[in-house]
Amino acid sequence: MAGRSADDDDRGGTVVTPSAEFPPLTPAEVDALRRVGAHWRVGVPPTLPVDPTLDRYRHRPTPGRFSRLAPIALFRPAPGAPAGRDGLVAAEPANQPDSPLGRRLGRVRRVLLGPPLASAAVLHERMRKLVALPVLSSDLLSSVAYGPEALLTVLVLAGSGALGLALPLSAGLVLLMVAVGISYRQTIPAYPHGAGSYLVAGDNLGVGAGLTAAAGLMLDYVLTVSVSIAAGVHAITSALPGLTPFTVPLGVLVILLLLAGNLRGVRAAGNLFVLPTYAFVAAVLGLLVVGYLRAAGRGFAPVAPPVVPATQGLGLLLVLRAFASGAVSMTGIEAVSNAVPAFRTPEWRNARTTLAWMVAMLVVLFAGLTLLIHLAGLVPRPGETLLSQLARVTFPTGPWYAVVQVTTALILLLAANTAFNDFPRLLFFMARAGHAPRRFLHLGDRLAFGNGLVALAATAVVVFVAFGGHTGKLIPLYAVGVFLAFTLSQSGMVVHWRRHRGDGWRRRALVNGVGAILSGLVLLTAAVAKFTEGAWVVVVAVPLLVLLFDRIHRHYCTLHAALALRSPSSDPAPPAVVCGPAAGPPEPVAAPADRPVEGGELPQELRHLVVVPVVRLNRASMRALAYAVSLGRPTLAVHLAPEDAEADRFREQWRAWGDHVRLETIVSPYRAVVGPLAHYLEALQAAAPELVLTVVVPEVVLRRPWHRLLHSRTGQRLRRALRALPGVVVTTVPVHVPD
């Protein structure tokens, strides 16, 4: 199919898999691995003292100390693995914690979120069109509940006479909706692996443009949750004014409920949101039908609106502000292009069909409500939404007003689910490219991106609380980020069509070009007209986020260079990866001739010295010394004493033991332990940089948490201090104290 990316066939149309956080080695890395392996000299491998297959076919192991389940119940042979060969699969009980508290919390988690899902179930978690439509369109469709009101709220500042401009401005917005919808409809088959604006802009305009689009989308998703919840709570308080003082607690509670619902997985979350979305659409369509029938009874003559005095002059800037405010009705139109892999196969075709349905429903509801509000002569007023006023006028008696308000509140509260669906996926694609923390690649036990969901919920709660749950305060921040992503995405698609030049590329480039121009005009209008109202926050936040993404990328690039395999010294040095700019992949350069302290990758390259810190001679220190000597490497014991007299006493005890290991005593007159020992080991390593120091630390393990309060945590502090030293390996030898 024309317009598909080159890597689509290789990825089967989707890259969202549980294995994404374990990327395969590149051919160059595999070649370096072969070179390193060819130089390993380990002799004849000794026979293992235990069967790694758990002797699965002959004996049944007895239950262990920490679990009532035998190990054989926790693991089973991998499909196709022959007897005596490696290959085990961890059963579900293997994931359960050993402590009683952990097991109780696990049962609570299972009740709230459901049982864990196997990795193979990822294909079954995808959505069909009738489920994907309410899940991905809840944000877009719910915006009609506050989009027309946002437009009229600005126009009414010029007095009730300016309200007539709502119809031509709404016609312009409808044109913009159709243009952007068609543009994204072309984006879906061209990029069927998802990621929307971030990937499109990055592929065609450069990584910097992609990160800018990602920053805009991330802000949009956070504001989507905050604005949707604020509007939903406002709809509730419009019908029940007594709940107004509880606006913030109600909003936070709803965000947490949405988080819990989405942590249950894509399909489970979709099933939760199907009925409210369709009920809202049915309720608004019923409102439109009854409202237009009433308007037809009076010959479609508009009701004169109440006289509202002007507080501002009617000028171009006010009109542009009104248009930008009404454009918030388009937020969420990009949701389908971001979530293409969440659809059932064929993903791109089902996604494109769903997007067409969404845009058609948006146009009908937005245009129908705007015209009906004009015919009813309604104006925005504090304390009650325009949709609530329209429902009261249309349904003066009967239960239908309550139906409209309930469904509106539900769709507004659940509209945040679109952000919960797309925000973690955006972070997934960014993390895969190294521009976001890699923990966002992880699929939780319900095959949901739990880390991304929690990050979104936490950020949205902070924004919601900071703005007191007021929709009017949040709306000015809303349009800049999303239209920034729209503009970059559509501009990237123009470059994409020009680059590939398939059949009909000029027509497709023209469609995306129109979408880019219109989106850019709205972006410029929103940024300028609403700058002092709060849009400056987004204008400042976007470059700061891009800078953060760049720093994350540089860290991962440096990490990759530090962990890249290097060929042995006898081979010609291949290129080694070092950190490059965020605007491109890591660049290969020649590996340095001198190997770092931790550069040994062959067994014969390593020279060992085992160091055992000994506080006093007891069972814990004896076990640590025995373990160290059993390794067959040179061993040194180190004792820190607060004064000379104690050092002399310890040396006498050491000779009484038999002086089996070389002892070095260090007098610490200021009674510090961790610092002098860490500096002593650092000095040893500096004196012989080729040495690998293995520090064996004895540790007493206590069963009950409150017992730990009775003991110092010197061992843990020592481990933390030693881990910062290059060329030092820290090993802990535990001694468990019974209850």
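Only a predicted model underlies this, so the values are computations on that prediction, with no experimental measurement involved. (Residues numbered from 1 in each chain as written. Predicted model: local features only at pLDDT ≥ 70, side-chain atom pairs only at ≥ 80, totals over all residues. Heavy atoms only, no water.)

*Asks:* Break down the overall build of the protein chain for me, citing the residues and quoting the values.
*Replies:* Each helix and strand in the protein chain was counted, giving 26 helices and 9 strands. Counting over 739 residues, the protein chain shows a buried share of 47%. As presented, the protein chain carries roughly 35400 Å² of accessible surface, and 64% of it is formed by carbon and sulfur atoms. (Helix = DSSP H or I, 4+ residues; strand = E, 2+ residues; numbered from the N terminus. Buried < 20%, exposed > 50% of the residue type's maximum accessible area, 1.4 Å probe, protein only. Areas by Shrake-Rupley, 256 points an atom, 1.4 Å probe, with all protein chains shown as cover.)

*Asks:* Provide a residue-level description of empty space enclosed by the protein, including the pertinent values.
*Replies:* Considering all chains together, one arrives at 2 cavities of 30 Å³ or more under this definition. Its boundaries defined by the atoms lining it, the second largest cavity holds a volume of some 50 Å³. In this structure, the second largest cavity is lined by Val144, Ala145, Tyr146, Pro148, Glu149, Leu369, Ile373, Leu386 and Leu387. Elements with a contribution of two residues or more to the lining of the second largest cavity: α6 (147-155), α14 (347-376) and α15 (386-394). For the lining of the second largest cavity, a count of residues per class yields 8 nonpolar, no polar and 1 charged. (1 Å grid on protein atoms, 1.4 Å probe; cavity = no way out; pocket = protein on both sides within 12 Å on 5 of 7 lines; lining within 4 Å. Points joined across faces, edges and corners; volume = space filled by probe spheres on them. Nonpolar A, V, L, I, M, F, W, Y, C, P; charged D, E, K, R; others polar.)

*Asks:* Please give an account of α6 that cites residues and values.
*Replies:* In terms of burial, α6 is largely enclosed, as 8 of its 9 residues are buried. Packing partners of the buried residues in α6 comprise α7 (166-190), α12 (316-326), α14 and α15. (Contact = heavy atoms within 4.5 Å.)

*Asks:* Any chance you could break down the packing of helix α8 (residues 196-205) against helix α9 (residues 207-239) for me, citing the residues and the numbers?
*Replies:* Packing of α8 against α9 leaves a shortest axis separation of 6 Å and a crossing angle of 165°. On the basis of the axis angle, α8 is roughly antiparallel to α9. The interaxial crossing formed by α8 with α9 has right-handed handedness. Residue-level contacts link Ser197, Tyr198, Ala201, Gly202 and Leu205 of α8 to Val207, Ala209, Gly210, Leu211, Ala213, Ala214 and Leu217 of α9. Of the residues in the contact of α8 with α9, the class split is 9 nonpolar, 3 polar and no charged. (Axes fitted to C-alpha atoms, helices over the stretch in contact; angles between N-to-C directions. Parallel < 35°, antiparallel > 145°, perpendicular 65-115°, else oblique. Left-handed = near helix turned anticlockwise from the far one by under 90°.)

*Asks:* Any details on the sheet that holds strand β5 (residues 607-613)? Residues and values, ideally.
*Replies:* Pairing in this open sheet of 5 strands is parallel, and the strands run β7-β6-β5-β8-β9 from one edge to the other. Of all strands in the sheet, those with a lone pairing partner are β7 (662-667) and β9 (728-737), marking the two edges. Strand-to-strand twist in this sheet, taken as the mean axis angle between neighbours without regard to direction, amounts to 25°. In the sheet, β5 pairs with strand β8 (residues 691-702) via 5 bridges, with the strands oriented parallel. Directly across from Leu609, in β8, lies its bridge partner Leu693. In this fold helix α25 (residues 674-687) packs onto β5, β6 (635-641), β7 and β8, with an angle of close to 145° to the strand it touches most, β6. Against the sheet, helix α26 (residues 714-723) contacts β5, β8 and β9, and its axis sits at roughly 165° relative to β9. (Pairing = 2+ DSSP bridges.)

*Asks:* I'd like a rundown of the side chain of Ser621, residues and numbers included.
*Replies:* Structurally, Ser621 is set in helix α23 (residues 619-630). Filtering out sequence-adjacent residues up to four positions away, Ser621 remains in contact with Val614, Arg616 and Pro698.

*Asks:* Help me get a handle on the pairing of β8, residues and values and all.
*Replies:* Of the strand pairs in this sheet, β8 and β9 are connected by 10 bridges, and their pairing is parallel. The partner of Val700 across the bridge, within β9, is Val735.

*Asks:* Which residues make up the packing of aromatic side chains, and what values go with them?
*Replies:* Centre distance and the angle of the planes are the two values used to describe a pair of aromatic rings. The tally for this structure, following the rule as stated, stands at 7 aromatic pairs. Members of the aromatic cluster, joined through ring pairs, are Tyr184, Phe483 and Phe486. (Phe/Tyr/Trp six-rings, centres within 6.5 Å; stacked < 30°, edge-to-face > 60°.)

*Asks:* Quick one: what's the story with the confidence of the model for the protein chain, residue by residue and with numbers?
*Replies:* Caution is warranted with low-pLDDT regions, since their predicted coordinates should not be read in detail. A residue-level look at the protein chain finds 79% of positions with pLDDT of 70 or above and a mean pLDDT of 78. Per-element mean pLDDT across the protein chain ranges from 40 in helix α1 (residues 8-11) up to 90 in helix α18 (residues 450-466). In this model, residues 1-14 is a region of pLDDT below 50 whose contacts with residues beyond four sequence positions or in other chains number 27 contacts. (pLDDT = per-residue confidence, 0-100.)

*Asks:* Report on a nonpolar patch on the surface, specifying residues and quantitative values.
*Replies:* Among the surface-exposed residues, Phe531, Trp536, Val537, Val539, Val540 and Leu544 lie close enough to one another that they form a single nonpolar patch of about 510 Å² accessible area. Relative to the helices and strands, Phe531 is located in helix α22 (residues 531-563). Note on Phe531: relative accessible area 38%, which makes it partly exposed. (Patch = residues over 30% accessible without salt bridge, like charges linked within 9 Å, V, L, I, M, F, W, Y side chains within 5 Å. Salt bridge = Lys/Arg side-chain N within 4 Å of Asp/Glu carboxyl O.)

*Asks:* Tell me what's going on with the pairing of β7, and back it up with residues and numbers.
*Replies:* Strand direction decides the pairing type here: β6 and β7, joined by 6 bridges, are parallel. Directly across from Ala637, in β7, lies its bridge partner Leu663. Between the parallel pair β6 and β7, the chain is carried across by helix α24 (residues 644-657), and the sense of this crossover is right-handed. (Right-handed = clockwise from strand over helix to strand, strands pointing away.)

*Asks:* Break down a positive patch on the surface for me, with residues and values.
*Replies:* Positive charge collects at one region of the surface, where Arg713, Arg717, Arg720 and Arg723 lie side by side. Tracing the sequence through the fold places Arg720 in helix α26. (Lys, Arg positive; Asp, Glu negative; His and termini not counted. Charge placed at Lys NZ, Arg CZ, Asp CG, Glu CD.)

*Asks:* Lay out unusual backbone geometry with the relevant residues and their values.
*Replies:* The backbone of Arg501 shows a phi angle near 50°, a positive value even though the residue is not glycine. Mapped onto the secondary structure, Arg501 falls in the loop between α20 (478-500) and α21 (505-529). The residue Asp659 is not glycine, and still its phi comes out positive at about 55°. On the secondary structure map, Asp659 appears in the loop between α24 and β7.

*Asks:* Pulling in residues and values, what's your account of the packing of α9 against α22?
*Replies:* Packing of α9 against α22 leaves a shortest axis separation of 9 Å and a crossing angle of 125°. Compared by their axis directions, α9 and α22 come out oblique. The handedness of the crossing between α9 and α22 comes out as right-handed. Contacts between α9 and α22 involve Leu211, Thr212, Ala215, Gly216, Met218 and Leu219 from the former and Val538, Ala541, Val542, Leu545, Val546 and Phe549 from the latter. Taken together, the residues of the contact of α9 with α22 sort by class into 10 nonpolar, 2 polar and no charged.

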